[in-house]
Amino acid sequence: LCPVQNKFSFPAVAISLTLPTIVAIALAEGGDLTGALHFNGAFITPLLYGLLPVILYQSVQKKEATADNFSISSNLPQILLGVGTMGALGQEIIQDLTSLPILS
């Protein structure tokens, strides 16, 4: 069992909130935080909730895998989630690139 299970750590919470806030304010260049929020919503959130679970699941499965366990049908949900995430990220990249004043 983990010895720190169910323990609240104020320094850990403060650091996890402070560093991203500092980066967001620094990247806002004195303006509003809309750009930082867009970047987080468009790129970081899909990676966090779409791609990271697939990577974690695959790493656990590799430890428990045998030759009999591997099949496309058993991995289909993870494959679809990964492909969907990459498609959403690609769409956001294309949309952001076309909205740049240099390319318009």
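All figures in this text were calculated on a predicted structure; none of them were measured in a lab. (Residues numbered from 1 in each chain as written. Predicted model: local features only at pLDDT ≥ 70, side-chain atom pairs only at ≥ 80, totals over all residues. Heavy atoms only, no water.)

(A) Main features of the overall build of the protein. Within the protein one finds three helices and zero strands. Each helix and strand of the protein, placed in order from N terminus to C terminus, yields the pattern α-α-α. For the protein, the proportion of its 104 residues judged to be buried stands at 13%. Carbon and sulfur atoms make up 72% of the accessible area of the protein, which totals about 8400 Å². (Helix = DSSP H or I, 4+ residues; strand = E, 2+ residues; numbered from the N terminus. Buried < 20%, exposed > 50% of the residue type's maximum accessible area, 1.4 Å probe, protein only. Areas by Shrake-Rupley, 256 points an atom, 1.4 Å probe, with all protein chains shown as cover.)

(B) Structural context of helix α2 (residues 34-64). With 31 residues, α2 ought to run about 45 Å at 1.5 Å a step, and its terminal C-alpha atoms sit 44 Å apart, in line with that. Of all the bends in α2, the greatest, near 40°, is centred on I44, and the proline P46 appears no more than four residues after it. By the burial criterion, the buried members of α2 are A42, F43, P46, G50, L51 and V54. (Expected span 1.5 Å × (residues − 1). Bend = angle between axes of the 7 residues up to and from the residue.)

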